[in-house]
Amino acid sequence: MKMKFVDVAVSIIFVLALIVIYFFWGCKLDLYITLLAGVVIVITGISKYVQYKKIKKLTSEEETEQ
């Protein structure tokens, strides 16, 4: 459970950093970098969901065996 909290906290900090960069950086490539980072966030979120779903399934199977 602790690792899940860390994963969510890192994602939130990453999003906040992107917001700060988007408003204060002012570079021509800023929008593209922000969009790329957004894609990375979505892919990471999906992979975390699948990972925790598999962990939950394996944990429940292990408990039923014992």
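Notes on the structure in this doc start here. Quick caveat: nothing in here was measured; it's all calculated off a predicted structure.

### Examining the overall build of the protein chain
Thought 1: Along the backbone of the protein chain there are two helices and zero strands.
Thought 2: Classification of the 66 residues of the protein chain by burial places 9% in the buried group.

### Side note on a nonpolar patch on the surface
Thought 1: On the surface, V8, I12, V15, L16, I19, Y22, F23, L29, L31, Y32, I33 and L35 cluster together into a nonpolar patch covering about 1,200 Å² of accessible area.
Thought 2: Residue assignment for the nonpolar patch shows that the elements contributing at least two residues are α1 (2-24) and α2 (30-65).
Thought 3: A per-element tally of the nonpolar patch places α1 first, with seven residues.
Thought 4: With respect to the helices, strands and loops of the structure, I19 is situated in helix α1.

### Quick word on the side chain of K48
Thought 1: Secondary-structure assignment places K48 in helix α2.
Thought 2: Once residues lying within four places of it in the same chain are set aside, the contact partners of K48 are D7, V8 and S11.

### Considerations on α2
Thought 1: With 36 residues, α2 should reach 52 Å at 1.5 Å per residue; the first-to-last C-alpha distance of 52 Å fits that figure.
Thought 2: Restricting attention to buried positions, one finds in α2 the residues D30, T34, A37 and K48.

### Points about the environment of D30
Thought 1: Along the chain, D30 turns up in helix α2.
Thought 2: Accessibility expressed as a relative area gives 4% for D30, which makes it buried.
Thought 3: Along the backbone, D30 and L18 are twelve residues apart, and their C-alpha atoms lie at a distance of 9.6 Å.

Calculation criteria
- Residues numbered from 1 in each chain as written.
- Predicted model: local features only at pLDDT ≥ 70, side-chain atom pairs only at ≥ 80, totals over all residues.
- Heavy atoms only, no water.
- Helix = DSSP H or I, 4+ residues; strand = E, 2+ residues; numbered from the N terminus.
- Buried < 20%, exposed > 50% of the residue type's maximum accessible area, 1.4 Å probe, protein only.
- Patch = residues over 30% accessible without salt bridge, like charges linked within 9 Å, V, L, I, M, F, W, Y side chains within 5 Å.
- Areas by Shrake-Rupley, 256 points an atom, 1.4 Å probe, with all protein chains shown as cover.
- Salt bridge = Lys/Arg side-chain N within 4 Å of Asp/Glu carboxyl O.
- Contact = heavy atoms within 4.5 Å.
- Expected span 1.5 Å × (residues − 1).

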